[in-house]
Amino acid sequence: MSINRTDVLLCCGSGCVSAGSLKVKEKMVEQLAKHGLTDEINIIETGCMGPCDYGPVMMVYPEGVFYKKVTPEDVPELVEEHFVKGRPLHRLMIQEGNKVIANKEDIPFYKKQVKVALENCGYINPEKIEEYIAVGGYEALGVALTEKTPQDAIDVIKNSGLRGRGGGGFPTGLKWQFVHDAEGSPKYVVCNGDEGDPGAFMDRSLLEGDPHRVLEGMMLAGYATGASEGFFYIRAEYPLAIRRIRNAIKQAREYGLIGKNIMGTEFCFDAEVRTGAGAFVCGEETALIKSIEGRRGQPIPKPPFPANRGLRENPTLVNNVETLGNIPTIFRKGAEWFAGMGIETSRGTKVFALTGDVKNTGLVEVPMGITLRELIYDVGGGMADGKKFKAVQLGGPSGGCLTEQHLDCSIDYETLKNLGAMVGSGGVIVMADNNCMVNVAKFFLEFSMEESCGKCTPCRVGLKMMHTILDRICQGKGQEGDVEELERLGETIKQTSLCGLGQTAPNPVLSTLRYFRHEYEEHLEKKSCSTCTCLNLMHFEIDKEKCIGCSLCARKCPVSCITGSREEKFTIAQDPCVKCGNCFEVCPVKAVQKLPGMAELTAVNSSFSSLYE
Amino acid sequence: MKTLEELRKIREKAQQDMKLRESNTRVKVVVGMGTSGIAMGARDVMKAILDEVSKRGLADVVVTQTGEKGLSSMEPVVDVIEEGKPVVTYGNMTPDKARRIVAEHIVNGRIVNDYVVAAQR
């Protein structure tokens, strides 16, 4: 037993690290040493605590005080006040109105959250197996190995109603059954950690924050299905996740939790990490398996499903990181407990990566069936900077955009699918009214287009055709019938593509066509982008009433298209203007305005045009 | 590790090291660490308490600190808080007196009346 009296849990999730939590740690170590407190206070690096917007964040136990936005400059005061004098530093605590919120439980961000997969994330040191064991880790594995048959284990997951958390939503227990029943040996378990959606970081956080949980989940899956080897397929862009999983496997091996005859039973299991090179399509299970085999990451037709013929032509179970993360807790607390959360067809909880124009961006875990409004306004704290809500994008490049009228819809697999979006892997991007939906659709389509593996024609050529049309609409060169053509192409690609990438890639376009059709029509007919996002469909103008003639804009203009004087004020020549936005940024009196619609050419312009001829 | 029992033993030991992060502790010892407390040697008192708690392996005791308590003439001041019992405040602490409190009050449950300043609900 150590002499330390305080545990400082410092969030070292990727968000907080980039906000500077490692520098904070360095400074804390230095300051604690200065006050002679090194032996009494223990600094522990944890995984993501969730409220990334407040990063770097830390929790101080035993008091349970939560600090936000701690900078290295704050550290001397923090150490002096809290660790020497025992006075919590109110300045760095979360405040609601004039009230300081001391405890994590009282922070609105955490109130509606229910943590299952993220239970230990931000509470334990992910690099110490002892801490995971202390919170009940590997108990589920031990009990299952000694007291349950593989079929019992499968039934637990079947009864829990757990469905794949990677996007597909396939019942996990059923998948296990297929692999269990399949003939062939050895069987494999693959953990799909190829998280690639823009704006998604759930799997990454779980792998970084609680690697042993995912490993235990994988071993339970291995026991239930009869597999003896596991692979973690993690993209190379997640170096910390790879390091932590490797470390977890090493520690488990030292404790005899991995290897031969685990817990004195017949069960043998080993696991290793395979890094992906960052191709989005490798998140598709058959492409992922090819990639592990060392071949080109391209999907193959199903059936046969990986459950029958997967890795090295043997039965293979492919489960997502978060799915495996739920397994140990389901075994520990029981299938009924898990099934008690959520609604009819969607049980348990789901982790979402909340990003965009919302106050509390970060990692959240909520029960299935919660409404979008609760997720965005209660957990997310509402729109940032008083902006107005316009749309929410769920499911990344495979998902769709929903509008204000859908805010009271429940978040579950079926409801979202019927609305044209999807739970997907759990990326939630909240957008304010300054986002052009045509442009948003174009962004996601561009992503899928570039990530298409090129194997099948609908996806390879079709997405490119859709992108060309979207691009010309944004440039103001849209043609009659473009909208209908987009719909026709989208439906065809969905029906005829080989894998999930192509089958879902048109969703962002189709869902925006469904709910924001007027914006497409505005771009096409009025040649105007009301949010002033599409540069060809907007222009800059100087309000002569407001202009003070300071000439700052003219001096900053890279193409010298702004002319005028103090007396006459300044004007922008529309023709040569490249719409860089410099004048808009620098104007001290906000006289430069963004206006929707194409600019009308003026006499000044024609004189400029003649210069170019 | 070859059995579930072994795992559970490792867990019990590991839980000891994480007890600070749990809220279900039996006794909370709060040392007044205001300017006057520190000047009167509250840090040494605290260290003595931590040392004694650690030596005796008291897993359910949490030692923490607070700011100025307003009892400057009796610093260092230590509160012993037990669930469902009156809060006992001790004054004019020294490291040796503090060790006695750990032994008699916290371990054996006998309040050390010699040093008590106040007991309140």
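What counts, and at which threshold
- Residues numbered from 1 in each chain as written.
- Chains lettered and ligands numbered in written order.
- Predicted model: local features only at pLDDT ≥ 70, side-chain atom pairs only at ≥ 80, totals over all residues.
- Helix = DSSP H or I, 4+ residues; strand = E, 2+ residues; numbered from the N terminus.
- Rg over C-alpha atoms; globule rule 2.2 N^0.38 Å.
- Buried ≥ 20, exposed ≤ 12 C-beta atoms within 10 Å, placed from the backbone.
- Contact = placed C-beta atoms within 7 Å.
- Pairing = 2+ DSSP bridges.
- Axes fitted to C-alpha atoms, helices over the stretch in contact; angles between N-to-C directions.
- Expected span 1.5 Å × (residues − 1).
- Nonpolar A, V, L, I, M, F, W, Y, C, P; charged D, E, K, R; others polar.
- Core = buried A, V, L, I, M, F, W, Y, C linked by C-beta atoms within 7 Å.
- Domains from an automatic or database assignment.

> Describe the overall build of chain A, listing the residues and the values that go with them.
The helix and strand tally for chain A stands at 25 helices and 21 strands. Relative to a compact globule of 613 residues, whose C-alpha radius of gyration would be 25 Å, chain A shows 27 Å and is just as compact. Principal-axis analysis of the C-alpha atoms places the extent of chain A at approximately 90 × 65 × 40 Å. The buried share among the 613 residues of chain A stands at 51%.

> An account of the overall build of chain B is needed here, citing residue identities and associated values.
In terms of regular secondary structure, chain B is built from 4 helices and 5 strands. Traced from its N-terminal end to its C-terminal end, chain B shows the element sequence α-β-α-α-β-β-β-α-β. Seen through its C-alpha atoms, chain B measures out along the principal axes to roughly 60 × 25 × 25 Å. Burial status across chain B gives 37% buried among its 121 residues. Partitioning the intrachain contacts of chain B with sequence separation of at least 6 by distance along the chain shows that 68% fall at a separation of at least 24.

> Quick rundown of the sheet that holds strand β14 (residues 362–367) of chain A? Include the residues and the values.
All names here are of chain A. Spatial strand order, β14-β13-β17-β15-β16: 5 strands in an open sheet with mixed pairing. The open sheet has two free edges, formed respectively by β14 and β16 (400–403), since each of these has just one partner strand. Pairwise comparison of adjacent strand axes, ignoring direction, gives a mean angle of 30° for this sheet. Relative to β16, strand β15 (residues 389–394) runs antiparallel, the two being bridged by 4 bridges.

> Please give an account of helix α19 (residues 482–496) of chain A that cites residues and values.
Taking 1.5 Å of rise per residue, the 15 residues of α19(A) would be expected to cover 21 Å, and the 21 Å separating its terminal C-alpha atoms lies within 8% of that figure. Those residues of α19(A) that are buried are in contact with α18 (457–474), α20 (500–504) and α21 (507–515) of chain A.

> Break down the environment of A:H180 for me, citing the residues and quoting the values.
All names here are of chain A. By secondary structure assignment, the location of H180 is in helix α8 (residues 172–181). Through-space distance from the C-alpha of H180 to that of M341 is 27 Å; in sequence the pair is 161 residues apart. Ignoring anything within four residues of it in the chain, the contact list for H180 reads P150, I154, A224, T225 and G226.

> Outline the interface of chain A and chain B, listing residues and values.
Interface extent is often summarised as the accessible area lost during association of the parts. Residue-level contacts link 29 residues of chain A with 26 residues of chain B. Only β1 (6–11), α5 (129–134) and α6 (139–147) of chain A provide two or more residues apiece to the side of chain A that touches chain B. Counted by class, the side of chain A that touches chain B contains 13 nonpolar, 7 polar and 9 charged residues.

> Can you break down the environment of A:G340 residue by residue, with the values?
Residue and element names in this part refer to chain A. Summarising the element assignment, G340 is placed in the loop between α14 (335–339) and β11 (342–343). The partly exposed category is assigned to G340, around which 14 C-beta atoms lie within 10 Å. Separated by 195 residues in the primary sequence, G340 and L535 have C-alpha atoms spaced 51 Å apart.

> If you had to explain the nonpolar core to someone new, which residues and values would you point to?
Ranked by internal contacts, the top residues of the largest apolar core, which has 205 residues, are A:M58, A:V190, A:L220, A:V392, B:I49 and B:V78. Considering each element in turn, this core owes the most residues, 8 residues, to helix α10 (residues 211–225) of chain A. Excluding anything up to four places from it in sequence, B:I49 contacts B:V29, B:V31, B:V63, B:A98 and B:V102. If you look at the next biggest cluster of nonpolar residues, it comprises 14 residues, including A:I562, A:F570, A:A573 and A:C587.

> Could you give an account of the sheet that holds strand β9 (residues 270–276) of chain A, naming the residues involved and the relevant values?
Residues and elements named next belong to chain A. Spatial strand order, β9-β8-β7-β10: 4 strands in an open sheet with parallel pairing. The open sheet has two edge strands with one neighbour each: β9 and β10 (316–320). If you compare each strand with its neighbour and ignore which way they point, the axes differ by 20° on average. Two strands pair when backbone bridges link them, and strand β7 (residues 187–193) and strand β8 (residues 227–235) are joined in this way by 7 bridges, in the parallel orientation. Considered in β8, the bridge of V190 is made with F231. α10 rests against β7, β8, β9 and β10 of the sheet, and its axis sits at about 150° to β7.

> I'd love a proper account of helix α9 (residues 202–209) of chain A, names of residues and values included.
Where burial is concerned, most of α9(A) is hidden: 8 out of the 8 residues are buried. Buried residues of α9(A): A:M202, A:D203, A:R204, A:S205, A:L206, A:L207, A:E208 and A:G209, and no others.

> Lay out the domain arrangement of chain A in plain terms, naming residues and giving numbers.
Along its sequence, chain A is carved into domain 1 (6–107), domain 2 (129–338), domain 3 (343–432), domain 4 (437–526) and domain 5 (537–612). In this structure, domain 3 of chain A and domain 5 of chain A have C-alpha centres spaced 40 Å apart.

> I'd like to hear about the pairing of strand β13 (residues 349–356) of chain A, residue by residue, with values.
Residue and element names in this part refer to chain A. With 8 of 8 residues buried, β13 lies mostly within the body of the structure. Relative to β14, β13 runs antiparallel, the two sharing 6 bridges. Paired with A353 across the two strands is L363, which belongs to β14. What sits between the antiparallel neighbours β13 and β14 is a turn of 5 residues. By the bridge criterion, 4 bridges tie β13 to strand β17 (residues 427–432) in an arrangement that is parallel.

> Outline the pairing of β1(A), listing residues and values.
Residues and elements named next belong to chain A. Within β1, 5 of the 6 residues are buried, which leaves the element mostly enclosed by the surrounding structure. Relative to strand β2 (residues 41–46), β1 runs parallel, the two being bridged by 6 bridges. Residue D7 lies in a different strand from β2, and its bridge partner there is N42. In this structure, β1 lies alongside strand β3 (residues 58–61), joined through 4 bridges in antiparallel fashion. Paired with V8 across the strands is V60, a residue of β3.

> Give a detailed account of unusual backbone geometry, specifying residues and quantitative values.
Residues and elements named next belong to chain A. Cis peptide bonds are those with omega within 30 degrees of zero, and the linkage from Y61 to P62 qualifies with 10°. Mapped onto the elements, P62 comes out in the loop between β3 and β4 (65–67). Backbone torsion omega between S185 and P186 reads 0°, so that peptide bond is classified as cis. Relative to the helices and strands, P186 resides in the loop between α8 and β7. Its identity is not glycine, yet D385 carries a phi of approximately 50°, on the positive side. Even without a glycine there, the phi angle at S551 is positive, about 70°. Residue position: S551 is located in the loop between β18 (538–542) and α23 (552–556).

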